[in-house]
Each structure stands twice: as structure tokens, then as C-alpha cells.
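Here is what each chain is made of, one letter per residue.
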Amino acid sequence: MATFRDLLAAAKATITEIDTASAEARIAVGGVAVLDVREPDEHAEGALIGALHIPRGHLEAQVEGRLTDKNAPVIVYCAGGVRSAFAAKTLGELGYTNVLSMAGGFGKWKDEGRLWKAPASLTPEQSNRYKRHLLLPEVGVEGQAKLLGSKVLLLGAGGLGSPAALYLAAAGVGTIGIVDMDEVDASNLQRQILHNIDRVGDRKVDSAKKTLTALNPDVNVVCYDTRLSAENIIDIITGYDVIVDGADNFPSRYLLNDASVKLGIPVVHGSIFRFEGMVSVFHPKLGPTYRDMVPEPPPAELAPSCAEAGVLGVLPGIVGSIQALEAIKVLLGLGEPLIGRILAVDTTEMSFRVFNLRPDPTNPVTWENRDRIEVRELDGLCAPWLSTH
Amino acid sequence: MAVTVRIPTTLRPLSGGNATVQVEGGTLREVLTALDAAHPGFKDRLFDEQGNQRRFVNLFVADDDARYLQGLDTPVPAGETVSIIPAVAGG
């Protein structure tokens, strides 16, 4: 009967080992996956930066879903180099052709003073609450921890802000700021699903906070019961990672544009009218912004508000949910956010069309000109203000 | 072969309620002029007094913003779709 030593010797005969110094050099070059096969409690105390974690007990079942290219190089490690040797053998049997087991493991790596960090961690309650996110390799514990540390500001707790806030809170965005100066009116309830009949007459921000904290106590809801103005906008939006624009008028949208471009904060734009809506991501550092798409607002007689012209109640549910999704994509660096593109939704025919947007060379409100942008009250044509120096 | 113009719901009262209108024309200006001839009223909504594209209306030829192509002189191949997307601010 074989002993442990026999099994280890047999495993080592079939695999290739790499020492820690060579592994570090190889990782620095890039293009190599790093796989940590230790137990969760060991991993939680510290790991190589960017390492994929699959405990050895789950290796066979999970690795093919996580490392899809079997010819790509993989460095596998454990605490001391024993479990990684067995794991490397298993990977070879699964058809991985370029596997290296790191001799000495994380213990040696750490002792030699090489770079590592304690991975993000969640409480057991959070691990359960966000289980469906954790199952997505694109989110995982790291991404969920990032969401919990993120700050999103919602402009408006109305039609668009309601579904956006609910989904962002459910997703575990740790800080959600809400700017709204209105009180809940019974006519809001046809679409503004943050509120309910018992809250009619309450401040909207207070109603929103009650709903969101009841949904997810992880979320810190910050209320701004005020009208967004040139005087307060910089103070309010500073420090937020993403702003979800669900305003109901053009001057607020231009004011937000100018302030967000000045500070370089991405804005997830949503706008709705009757049966149609639009979503785009205006990222001042990466693509066109609101003034590139709409150089000036329409005159009031050509642009009635939803209060005047109506809106189908489900429409903001769709558009606001897409805004929440785009906000999460921006926060996590996931997929292709709608930067430089606008999604136009027509629910009468249920079409979703995407059009390309470009920077307007005549638009002076840009990230490059940020020091010259003056955030002032806007009305009429909402023309921008820039200092001349 | 005609060009298809997609009409937003806000402007459908002008097109008799139609979501799309087929017209003839080789440039964006010709297409929209033909649209106005078939359904009077579009010109006022899309062009200013000098005949330029209004700044709160986006016109897309296929997927691209005509403002950054050749404006109203942008060629529109037969069979192509022109989309009118007016700015809205509702939330």
C-alpha cells in the first residue's frame, strides 16, 4: 500500500515546480493565472494579489468553469507546496497543459517578503445574502466587497430613482445618497415604488430611506432633502463614485453635467417620456457627456414634462433598472457600459436600439477644461459658464 | 428604394400615428424634407429658421449621430434607417 510520501513523490514526478522568485517574475510579466487551492480560512488571512481561489476539495468540480483555457499557463499554490503538487497533478489529468506548482507555497512567499494582501471578506450573513453574486466569477467576494465600499448618488427618488435605488440597495452598494426635495404624493405611487400609501405627505428622502434600509441594513442611506443648486451641488456630489441621474427637468441635468465633468464623476443618465426612454453613461474621463448629446435643451413648449404629458408607470421601472445595472458595471469594471452609446427604448413596439455618441468638438465643458468650468445656475438655453483664464 | 424614418412617440401626431415613414432622398436633408412634404410639421420641429438641425434633436443615420457625420448633408443610402431622437428630461 502506498504511503503519503509515495503519493507525493508520484505526484511530483508528473508535475513541474517553480520556485517563488521565478513565480513572482512570471506573474509580473502577466498572462498567467494564479490559483490558490488552500482552505477558505487560510485564504482569508492573506493571498497573492489577483489569485483565483478554489479550495482543493472543489478543484475538479469548479476549475473548468473558472479557467476555461486549458493551454493557458497556471501557477498553483497552497501553504507549503504539497497540496499544490497534488492539485497540479489533478489539473494535468483534467487536460491543463501548462501548470506550475509553486514550491514552498504561500508560507515561503510571505516569509521572503513578497507582495500579498488580505482578500476582501464578508460576514456569514453577507455571504448568504449576496450568494447569487458570489457565484458570478465576474463579481465574487472581491466585487461584492467593492460594491459594499461604493458610494452611489441618486438624483431624484421618483420614477427612475425608485427602481434604481431598490436594486442598488439590494445589490449591496454600501452608500446610497438621495437628493430630492419633494414629498410623497398619491399621484407618485403609479410608478415610484420606493413609496407607499402610508407615506403620503412624508419627505421623499425619508420614505426612500425607510424602504431601502428595510430591504438591506448593510446600506447607509444619506438623505439630501434639498433642491440641487449651483451652491450645493459640488458639496453634495463630491466623494461619490457614480451618479444616477433621474432628474425631471433639463436645468438640473445640465447643472449635474457641468459639476460632474468638473469632478470627473461618471453619470448614468436615464430619461423618460410617455412610452420611451433613454439610457447612457456619461463618463467625463472616457467618453462624451450630456452636452455632447444634447447641446441645448428644447424650448418648454416642445418638451412637456411627464407631469404634463404622462408616462406609463412601468417605463421608469425598466429604464431605472437599466441605470442601476450600468452603475454596477461601472463600479465593478464589468462588461461594456453604455459609454459613448445611447440606448433608446420604445415600449410601444418594445424595441431597444443603441446609437453611437461622439464628443462635440465645440463643447467646452470637458474634463480637460475642468479647472475653467464654473458651476452656475442655468435656465433658458442652459449655456455653460467657463472662466477665460 | 426608399429610406425608413423612425418617428418618436412625441412626433407621431405629425405622422398620423405611424412609428415609421418611408420616403425618398439621398441626403439627410432630402429625406427630412420629403418627410415634411408627406407629413407637414416636421420641418419646424427638426430645423431652425436658418434650416440647420435643431440642437435638441438627435438625428441618427443607421447607428451614428449625423451631427458628427456630415450633418444634414450626410448621405443616406437606399434602404437605410434614419432615427429621430428628441431630448427628453422626464424622470
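Residues numbered from 1 in each chain as written. Chains lettered and ligands numbered in written order. Predicted model: local features only at pLDDT ≥ 70, side-chain atom pairs only at ≥ 80, totals over all residues. Heavy atoms only, no water.

Section: the overall build of chain B
Next up, step 1: A count of helical and extended segments in chain B gives two helices and five strands.
Next up, step 2: In summary, chain B has a C-alpha radius of gyration of 12 Å against a globular reference of 12 Å for 91 residues, a match within 12%.
Next up, step 3: Dimensions of chain B, computed from C-alpha atoms along their principal axes, come out at roughly 35 × 30 × 25 Å.
Next up, step 4: Looking at the 91 residues of chain B, the share that counts as buried comes to 54%.
Next up, step 5: In chain B, 49% of the contacts between residues at least 6 apart in sequence involve partners at least 24 apart. (Helix = DSSP H or I, 4+ residues; strand = E, 2+ residues; numbered from the N terminus. Rg over C-alpha atoms; globule rule 2.2 N^0.38 Å. Buried < 20%, exposed > 50% of the residue type's maximum accessible area, 1.4 Å probe, protein only. Contact = heavy atoms within 4.5 Å.)

Brief notes about helix H13 (residues 250–263) of chain A
Residues and elements named next belong to chain A.
Next up, step 1: Between its first and last C-alpha, H13 extends 20 Å over 14 residues, near the 20 Å set by a 1.5 Å rise per residue.
Next up, step 2: The buried count for H13 comes to 11 of 14 residues, which makes it a mostly enclosed element.
Next up, step 3: Those residues of H13 not exposed but buried are Phe250, Ser252, Arg253, Tyr254, Leu255, Leu256, Asn257, Asp258, Ala259, Ser260 and Val261.
Next up, step 4: Between the side-chain oxygen at the start of H13 and the backbone nitrogen of Ser252 there is a gap of 2.8 Å, and the oxygen is on Asn249.
Next up, step 5: Gly264 occupies a position one or two residues after H13 and carries a positive phi of about 75°. (Expected span 1.5 Å × (residues − 1). Polar contact = N/O pair within 3.5 Å; in protein donor to acceptor, adjacent residues only side chain to side chain.)

Comments concerning the pattern of salt bridges
All names here are of chain A.
Next up, step 1: Counted under the stated rule, the structure contains 22 salt bridges over all chains.
Next up, step 2: Among the salt bridges present, the one from Glu17 reaches Lys12, with a minimum N-O distance of 3.4 Å.
Next up, step 3: Salt-bridge contacts for Glu112 lead to Lys108; the nearest nitrogen and oxygen are separated by 2.8 Å.
Next up, step 4: The partly exposed category is assigned to Glu112, whose relative accessible area is 33%.
Next up, step 5: Overall, Lys108 belongs to the partly exposed group, its relative accessible area being 36%.
Next up, step 6: Within this structure, Glu24, Lys108, Glu112 and Arg114 form a network of salt bridges that share partners. (Salt bridge = Lys/Arg side-chain N within 4 Å of Asp/Glu carboxyl O.)

Observations regarding the interface of chain B and chain A
Next up, step 1: The interface is formed by 25 residues belonging to chain B together with 39 residues belonging to chain A.
Next up, step 2: Carbon and sulfur atoms supply 57% of the area buried between chain B and chain A, which totals about 2700 Å² over both sides.
Next up, step 3: At the boundary of chain B and chain A, one finds four salt bridges.
Next up, step 4: Across the pair Arg12 of chain B and Asp346 of chain A runs a salt bridge, and its minimum N-O distance is 2.7 Å.
Next up, step 5: For the pair chain B and chain A, the interface holds 18 residue pairs in polar contact (both at pLDDT 80 or more).
Next up, step 6: At the level of elements, strand S3 (57–61), strand S4 (64–65) and strand S5 (81–86) of chain B are the ones that each hand at least two residues to the side of chain B that touches chain A.
Next up, step 7: Counting residues per element, the side of chain B that touches chain A draws most heavily on S5 of chain B, which supplies three residues.
Next up, step 8: Class assignment of the residues belonging to the side of chain B that touches chain A gives a composition of 11 nonpolar, six polar and eight charged. (Buried area = accessible area lost by both parts, 1.4 Å probe. Nonpolar A, V, L, I, M, F, W, Y, C, P; charged D, E, K, R; others polar.)

Section: helix H10 (residues 161–171) of chain A
Residues and elements named next belong to chain A.
Next up, step 1: Counting buried positions along H10 gives nine out of 11 residues, so the element sits mostly inside the fold.
Next up, step 2: Among the residues of H10, those classed as buried are Gly161, Ser162, Pro163, Ala164, Ala165, Leu166, Leu168, Ala169 and Ala171.
Next up, step 3: Where H10 terminates, the next one or two residues include Gly172, which has phi positive at roughly 90°.

Comments concerning the confidence of the model for chain B
Next up, step 1: With 99% of its residues at a pLDDT of 70 or more, chain B has an overall mean of 94.
Next up, step 2: The ipTM, which scores confidence in the relative placement of chains, is 0.94 for this predicted complex, and the corresponding pTM is 0.85. (pLDDT = per-residue confidence, 0-100.)

Re the packing of helix H1 (residues 4–14) of chain A against helix H5 (residues 83–93) of chain A
In a packed pair of helices, the relevant descriptors are the angle between the two axes and the axis-to-axis distance.
Residue and element names in this part refer to chain A.
Next up, step 1: Remark: H1 packs on H5, axes separated minimally by 9 Å, with the N-to-C direction vectors making an angle of 55°. In terms of axis orientation, H1 runs oblique to H5. H5 is crossed by H1, and the crossing has left-handed handedness. Residues Phe4, Leu7, Leu8, Ala11, Lys12 and Thr14 of H1 pack against Ala85, Phe86 and Lys89 of H5.
Next up, step 2: Tallied by class, the residues present in the contact of H1 with H5 amount to six nonpolar, one polar and two charged. (Axes fitted to C-alpha atoms, helices over the stretch in contact; angles between N-to-C directions. Parallel < 35°, antiparallel > 145°, perpendicular 65-115°, else oblique. Left-handed = near helix turned anticlockwise from the far one by under 90°.)

Focus on the packing of aromatic side chains
Given two aromatic rings, one states the distance between the centres and the angle between the planes to describe the pair.
All names here are of chain A.
Next up, step 1: Following the criterion strictly, the structure yields seven aromatic pairs over all chains and no others.
Next up, step 2: Ring centres of Phe106 and Trp116 lie 5.8 Å apart, and the angle between their planes is 90°; on these two criteria the pair is classed as edge-to-face. With a gap of 10 residues between them, Phe106 in helix H6 (residues 105–111) and Trp116 in the loop between H6 and helix H7 (124–129) connect regions that are remote in the sequence.
Next up, step 3: Members of the aromatic cluster, each reached through a chain of ring pairs, are Tyr77, Phe106 and Trp116.
Next up, step 4: Above the ring of Trp385, the side-chain terminus of Arg376 is found at 3.8 Å from the ring centroid. (Phe/Tyr/Trp six-rings, centres within 6.5 Å; stacked < 30°, edge-to-face > 60°. Lys NZ or Arg CZ within 6 Å of the ring centre and 35° of its normal.)

A word on the nonpolar core
Next up, step 1: Of all hydrophobic cores here, the largest spans 60 residues; its most connected members are Leu28, Leu32, Leu35 and Ile84 of chain B.
Next up, step 2: Listed in part, the 41 residues of the second largest apolar core include Leu160, Ala164, Val221 and Leu331 of chain A. (Core = buried A, V, L, I, M, F, W, Y, C linked by side-chain atoms within 4.5 Å.)

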